[in-house]
Amino acid sequence: MAKRTIKKELVTSRWLNETKEILIYLPPGHETLTDLPLLVLHDGPDYFNLGRIVTQATPLIEAGELTPFAMMAIPVNKERRTSEYSPIGERQVPHMSMVVEELLPLVRSRYPISPKRDDLVIGGSSLGGTVSLHLALQYPDVCSRVLSQSGAFLQQTIDEVMRQPSLSHLQIYQSIGLSEIAVPTHMGTLDLVARNREMKRHLLEKNAKVAYYEEEGDHTWGFWQRELPRALRLFFGQ
């Protein structure tokens with residue numbers, strides 16, 4: 001297996017008034033590649049460690065099953081996670097501004113990353129999926145592709161989707177575990193199966209392209225890790 005390449009960038013955000021250590025994964029053969037697609041991950045270090053996304057993606061890229069792509073892992077202070085990722089959180093708008101105005105320009109200036117909207121995927125699990133969808137809704141010219149695993153969708157997110165005249169530009173991978181009917185969160189206990197079904201219905205009403213999967217699983221990294229290759233094939237399959 002090719003040696004994995006993971007770079008670190010310290011970014012001091014004026015939006016969040018905080019310094020974050022961003023991880024950048026570059027695929028095998030990146031030295032000779034240009035215009036790499038980019039996957040931006042909320043709870044990024046957890047995706048690298050618990051989701052094993054690098055370990056899963058690298059051999060698929062080497063085997064020619066996935067087009068080579070880069071990943072940017074964004075960390076979050078767990079105590080501020082709900083504030084940064086939830087639509088009712090006071091830091092969500094600054095967080096989204098940081099991603100669009102600070103992180104994306106930085107990574108594109110330092111690495112061979114494509115500037116095209118359709119080469120960018122933003123994703124996460126639970127509230128990470130929620131904020132990824134909000135980014136696509138808030139910045140349709142920047143992002144039109146979303147990876148949402150067990151999205152913790154609140155009424156505010158559904159309302160935002162329903163306000164959109166059309167989402168025909170949006171492509172979303174949406175998965176949910178059938179055991180996720182009473183998930184304890186900072187915002188109370190949520191039936192994420194019902195919320196994801198409702199979200200899928202509203203997205204389809206707005207003509208979004210939805211790849212929706214329900215299967216046995218719960219609100220854990222074990223489930224998210226297991227079904228990540230399917231999501232990667234949707235966005236980056238050769």
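Only a predicted model underlies this, so the values are computations on that prediction, with no experimental measurement involved.

(A) Inspection of the pairing of strand β1 (residues 5-13) at higher detail. One ladder, built from 9 bridges, connects β1 with strand β2 (residues 18-26); its direction is antiparallel. Across the sheet, Lys 8 pairs through a bridge with Leu 23, a residue of β2. If you look at the hairpin formed by β1 and β2, you'll find 4 residues sitting between the two strands, and Asn 17 has a positive phi there, around 55°.

(B) Representation of the packing of helix α2 (residues 53-62) against helix α8 (residues 221-236). Between α2 and α8, the shortest axis-to-axis distance is 10 Å and the interhelical angle comes to 40°. With respect to their mutual orientation, α2 and α8 come out oblique. Classified by chirality, the crossing of α8 by α2 is right-handed. Between α2, through Ile 53, Gln 56, Ala 57 and Leu 60, and α8, the contact on the second element is made entirely by Gln 225, Leu 228, Pro 229, Leu 232 and Arg 233.

(C) A look at the nonpolar core. Core analysis: the biggest nonpolar cluster contains 51 residues, and Leu 38, Met 72 and Leu 133 have the highest contact counts within it. Residue contributions to this core peak at 8 residues, all from helix α4 (residues 92-110). When neighbours within four sequence positions are excluded, Leu 38 is seen to be in contact with Ala 70, Met 71, Met 72, Leu 104, Val 107, Ile 113, Asp 119, Leu 120 and Val 121. Of all hydrophobic cores here, the second largest spans 27 residues; its members include Leu 23, Leu 60, Ala 73 and Leu 232.

(D) Main features of the sheet that holds strand β6 (residues 145-149). Strand order in this open sheet of 8 strands is β1-β2-β4-β3-β5-β6-β7-β10, and the pairing throughout is mixed. A strand with exactly one partner marks an edge of an open sheet, and here the two such strands are β1 and β10 (209-215). Adjacent strand axes in the sheet meet at a mean angle of 15°, parallel and antiparallel pairs treated alike. Bridging between strand β3 (residues 38-42) and strand β4 (residues 70-74) involves 5 bridges; their strand directions are parallel. Across the sheet, residue Leu 39 finds its bridge partner in β4, namely Met 71.

(E) Representation of α2 within the structure. Most of α2 sits inside the fold, with 7 of its 10 residues counted as buried. Turning to α2, its buried residues are Ile 53, Val 54, Gln 56, Ala 57, Thr 58, Leu 60 and Ile 61. Residues of α2 that are buried make contact with β1, β2, β3, α1 (44-49), β4 and α8. Note on α2: the residue one or two positions beyond its end, Gly 64, has a positive phi of about 80°.

(F) Broad picture of the pattern of salt bridges. Inspection of every chain in the model, using the stated rule, returns 17 salt bridges. One salt bridge in this structure joins Glu 18 and Lys 20, with 3.7 Å as the shortest N-O distance. In this structure, Glu 18 and Lys 20 share a single accessibility class: buried. A salt bridge links Asp 43 to Arg 81; the shortest N-O distance between them is 2.8 Å.

Cut-offs and rules
Residues numbered from 1 in each chain as written. Predicted model: local features only at pLDDT ≥ 70, side-chain atom pairs only at ≥ 80, totals over all residues. Heavy atoms only, no water. Pairing = 2+ DSSP bridges. Helix = DSSP H or I, 4+ residues; strand = E, 2+ residues; numbered from the N terminus. Axes fitted to C-alpha atoms, helices over the stretch in contact; angles between N-to-C directions. Parallel < 35°, antiparallel > 145°, perpendicular 65-115°, else oblique. Left-handed = near helix turned anticlockwise from the far one by under 90°. Contact = heavy atoms within 4.5 Å. Core = buried A, V, L, I, M, F, W, Y, C linked by side-chain atoms within 4.5 Å. Buried < 20%, exposed > 50% of the residue type's maximum accessible area, 1.4 Å probe, protein only. Salt bridge = Lys/Arg side-chain N within 4 Å of Asp/Glu carboxyl O.

Note that every value here comes from positions in space, so none of it alone points to a role or purpose.
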